[in-house]
Amino acid sequence: MKLPILDQPHRYRGLYVYDFGPWAAVGYTAEEIAVLLESDAYRHGKVYKIVRAGPDGYLELKGLSAERFQLESGMFFQRDAERAARADFAKLCDLARRCPPPARAVVHLADRGPAAGRTRYVTALIYPAEYEDEMAAWLLENAYAGGETVEGGISHVSDYQVQAKTILAREQLWSAATTPARSTADVLASVRQTVQRRPGEIAC
């Protein structure tokens, strides 16, 4: 795979490379990668995330499966007492307002009922699976410590979605720093551009 020479390569950390086979393009967002994977013409490409970039143009890439862009992951902070669970929910929402997360996410405060057979109350933080590492780092960096017990991962989201529960509160979290994704039409029209974005078009 031959990659183009980038101006200010460090700005591309966290964005993606798509290997179309005959050529590769650099600078996609996760949402734009999903567009390519859903298209008939380009769905068989390979996806790489830029995890490090050196000033000399060196890029460290991490290969990713196509399925990962269609899944959600999450962290579940569990409490026996409703008051403590409500405090966890409020602290997480306050944190997101002060220091936006690295990806869009949703937070639920849920009551699984007295017959749940497990901790009754849970603060659920759910986000695109592709951002698992970034979301975990965000929580650690901001010293968020909710829950008496904590579970996380893709399978826990699937379990949570089918559980009987009452949603007591919910909030949408937005990422202020995310580079805006282009429209489907724009993404498909620009596949031959080996550099999808210039440095000035990437959020810091």
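Details of the structure are given in the entry above.
So, here is what we can say about the structure in this document. Quick caveat, the model's predicted, so the values are computed rather than measured. (Residues numbered from 1 in each chain as written. Predicted model: local features only at pLDDT ≥ 70, side-chain atom pairs only at ≥ 80, totals over all residues. Heavy atoms only, no water.)

### Some words on the overall build of the protein
Thought 1: Summing up its helical and strand segments, the protein has 5 helices and 9 strands in all.
Thought 2: By the burial criterion, 44% of the 204 residues in the protein qualify as buried.
Thought 3: Partitioning the intrachain contacts of the protein with sequence separation of at least 6 by distance along the chain shows that 71% fall at a separation of at least 24.
Thought 4: For the protein, the computed accessible surface area is about 10,900 Å², with 51% contributed by carbon and sulfur atoms.
Thought 5: Separation of charge centres in the protein, based on 25 positive and 26 negative side chains, amounts to 1 Å. (Helix = DSSP H or I, 4+ residues; strand = E, 2+ residues; numbered from the N terminus. Buried < 20%, exposed > 50% of the residue type's maximum accessible area, 1.4 Å probe, protein only. Contact = heavy atoms within 4.5 Å. Areas by Shrake-Rupley, 256 points an atom, 1.4 Å probe, with all protein chains shown as cover. Lys, Arg positive; Asp, Glu negative; His and termini not counted. Charge placed at Lys NZ, Arg CZ, Asp CG, Glu CD.)

### Comments concerning the environment of Ser158
Thought 1: Counting through the fold element by element, Ser158 comes out in helix α4 (residues 154–162).
Thought 2: Take Ser158: its relative accessible area is 38%, and that puts it in the partly exposed class.
Thought 3: Along the chain, Ser158 and Ser73 lie 85 residues apart, while their C-alpha atoms are 8.6 Å from each other.

### Thoughts on the pattern of salt bridges
Thought 1: In total, this model carries 15 salt bridges according to the counting rule given.
Thought 2: With its nearest N and O atoms 3.5 Å apart, the salt bridge here joins Arg104 to Glu31. Note that Arg104 is positioned in the loop between α2 (82–98) and β6 (105–111) and Glu31 in helix α1 (residues 30–38), a separation of 73 residues in sequence.
Thought 3: Between Glu60 and Arg52 there is a salt bridge, and its shortest N-O distance comes to 3.1 Å.
Thought 4: Looking at Glu60, the relative accessible area reads 27%, which means it is partly exposed.
Thought 5: Each of Lys49, Arg68, Glu130, Glu132 and Glu134 takes part in a single network of salt bridges with overlapping partners. (Salt bridge = Lys/Arg side-chain N within 4 Å of Asp/Glu carboxyl O.)

### Notes on the sheet that holds strand β8 (residues 149–152)
Thought 1: Read from one edge of the open sheet, 5 strands run β8-β5-β7-β6-β9, paired in antiparallel fashion. A single partner strand is all that each edge strand has here, and the edge strands are β8 and β9 (166–173). Averaged over all pairs of adjacent strands, the angle between strand axes in this sheet comes to 15°, irrespective of strand direction.
Thought 2: Judged from the 7 bridges that link them, β6 and β9 form a sheet pairing that is antiparallel. (Pairing = 2+ DSSP bridges. Axes fitted to C-alpha atoms, helices over the stretch in contact; angles between N-to-C directions.)

### As for α1
Thought 1: Counting buried positions over the 9 residues of α1 gives 7, a clear majority of the element.
Thought 2: Considered for burial, the residues of α1 that qualify are Ala30, Glu32, Ile33, Ala34, Val35, Leu36 and Leu37.
Thought 3: Taken together, the buried residues of α1 touch β1 (16–19), β2 (24–28), β3 (46–53) and α5 (184–189).

### Some remarks on the nonpolar core
Thought 1: The biggest cluster of nonpolar side chains holds 38 residues, and the ones touching the most others in it are Tyr28, Ile33 and Leu125.
Thought 2: With 6 residues, α2 is the largest single contributor of residues to this core.
Thought 3: Excluding residues within four positions of it along the chain, Leu125 makes contact with Ser73, Gly74, Met75, Phe77, Leu92, Ala105, Val106, Val107, Met135, Trp138, Leu139 and Leu173.
Thought 4: Counting 10 residues, the second largest nonpolar core, distinct from the first, contains Tyr12, Val17, Val26 and Ile202. (Core = buried A, V, L, I, M, F, W, Y, C linked by side-chain atoms within 4.5 Å.)

### Structural notes on unusual backbone geometry
Thought 1: For Gln8, which is not a glycine, the phi torsion comes out positive at approximately 55°.
Thought 2: Mapped onto the fold, Gln8 is located in the segment before β1.
Thought 3: Taking relative accessible area as the criterion, Gln8 reaches 33% and is therefore assigned partly exposed.
Thought 4: Positive phi, normally seen in glycine, also occurs at Ala143, with a value near 55°.
Thought 5: Here Ala143 shows up in the loop between α3 (132–141) and β8.
Thought 6: By relative accessible area, which is 63% here, Ala143 ends up exposed.

So far we have only geometry, and geometry alone does not tell us how the molecule works.
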